[in-house]
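An overview of the molecular structure
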Amino acid sequence: MFVLSLKTTRARLAAVVAVGGLLLAVMIGVSASPRSTAVSGAAATDPAAYLQSLGYEAGPQWTDLREMVIPAKEDVAFAAYNTLAQAAGYDLTPYAGQRVKCYTYALKNYPGAQPAQACVYVYKGRVVAGTMRIAEGEITPLKPLTEQGESNGTTG
């Protein structure tokens with residue numbers, strides 16, 4: 001018989017969440033068709049305005065900000081996340097090996113009772129991609145609010 005016991009702290013849990021966020025950014029990396037090129041005006045440079053342009057109600061201030069590097073080479077995790085990113089039409093291929101910022105916002109008007117967060121990825125002041133975390137670990141593409149009825153999520 002084999003028994004495994006794990007003890008965790010808030011710091012360890014935060015580290016696991018940070019690594020998960022990094023994996024998300026990695027997986028966004030390569031995608032087929034760029035959505036960010038269709039973004040214009042304030043939405044192209046302001047993550048909160050971008051979310052508003054998609055129909056979401058988020059506070060003007062982000063709840064978390066992280067910097068991460070999009071991997072230069074594709075791996076298994078990156079490929080899996082890329083599939084998710086493609087469902088939203090993002091293309092981070094031009095940003096491989098580059099440092100991006102991930103702004104996280106709490107969404108006030110996501111359909112359903114569960115809390116939702118959006119991560120908007122910014123490169124050199126321009127919105128280039130995004131993902132959503134819904135409920136307990138479900139990750140979905142960041143699509144307009146009117147398209148969120150589609151099932152494209154993955155559990156992470």
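Placed above this text is the structure.
In what follows, the accompanying structure is described. (Residues numbered from 1 in each chain as written. Predicted model: local features only at pLDDT ≥ 70, side-chain atom pairs only at ≥ 80, totals over all residues. Heavy atoms only, no water.)

**Things to note about the nonpolar core**
Note on soluble globular proteins: their nonpolar side chains tend to be buried together. Ranked by size, the top nonpolar core spans 34 residues in total, and within it Tyr 50, Leu 51, Tyr 56, Tyr 121 and Leu 142 carry the most contacts. Leaving out residues up to four positions away in the same chain, Leu 51 has contacts with Tyr 56, Ala 58, Tyr 105, Leu 107, Ala 118, Val 120 and Leu 142. (Core = buried A, V, L, I, M, F, W, Y, C linked by side-chain atoms within 4.5 Å. Buried < 20%, exposed > 50% of the residue type's maximum accessible area, 1.4 Å probe, protein only. Contact = heavy atoms within 4.5 Å.)

**Some words on the side chain of Thr 104**
With respect to the element layout, Thr 104 can be found in strand E2 (residues 99-107). With near-sequence residues (within four places) excluded, Thr 104 lies in contact with Trp 62, Thr 63, Asp 64, Gln 117, Ala 118 and Cys 119. (Helix = DSSP H or I, 4+ residues; strand = E, 2+ residues; numbered from the N terminus.)

**Quick word on the pairing of E2**
Note: strand E1 (residues 64-69) against E2, six bridges, orientation antiparallel. Counted as the bridge partner of Glu 67 is Lys 101 from E2. Sheet topology note: the E2/strand E3 (residues 116-123) ladder contains seven bridges and is antiparallel. Looking across to E3, one finds that Cys 102 is bridged to Tyr 121. (Pairing = 2+ DSSP bridges.)

**A short note on the pairing of strand E5 (residues 138-141)**
Here is the key point about a regular strand: its side chains alternate between the two faces of the sheet. In this sheet, E5 lies alongside strand E4 (residues 126-134) in antiparallel orientation, the contact comprising four bridges. Bridging across to E5, Met 132 finds its partner in Thr 140. Counting the residues in the hairpin turn of E4 and E5 gives three residues, including Ala 135, whose phi is positive at 55 degrees.

**Focus: the packing of aromatic side chains**
For the structure shown, the criterion picks out one aromatic pair. Ring geometry for Trp 62 against Tyr 103: centres 6.1 Å apart, planes inclined by 65 degrees, an arrangement best described as edge-to-face. Taken together, the positions of Trp 62 in the loop between helix H2 (47-53) and E1 and Tyr 103 in strand E2 put the pair 41 residues apart, joining distant regions of the chain. Note on Tyr 103: relative accessible area 15%, which makes it buried. (Phe/Tyr/Trp six-rings, centres within 6.5 Å; stacked < 30°, edge-to-face > 60°.)

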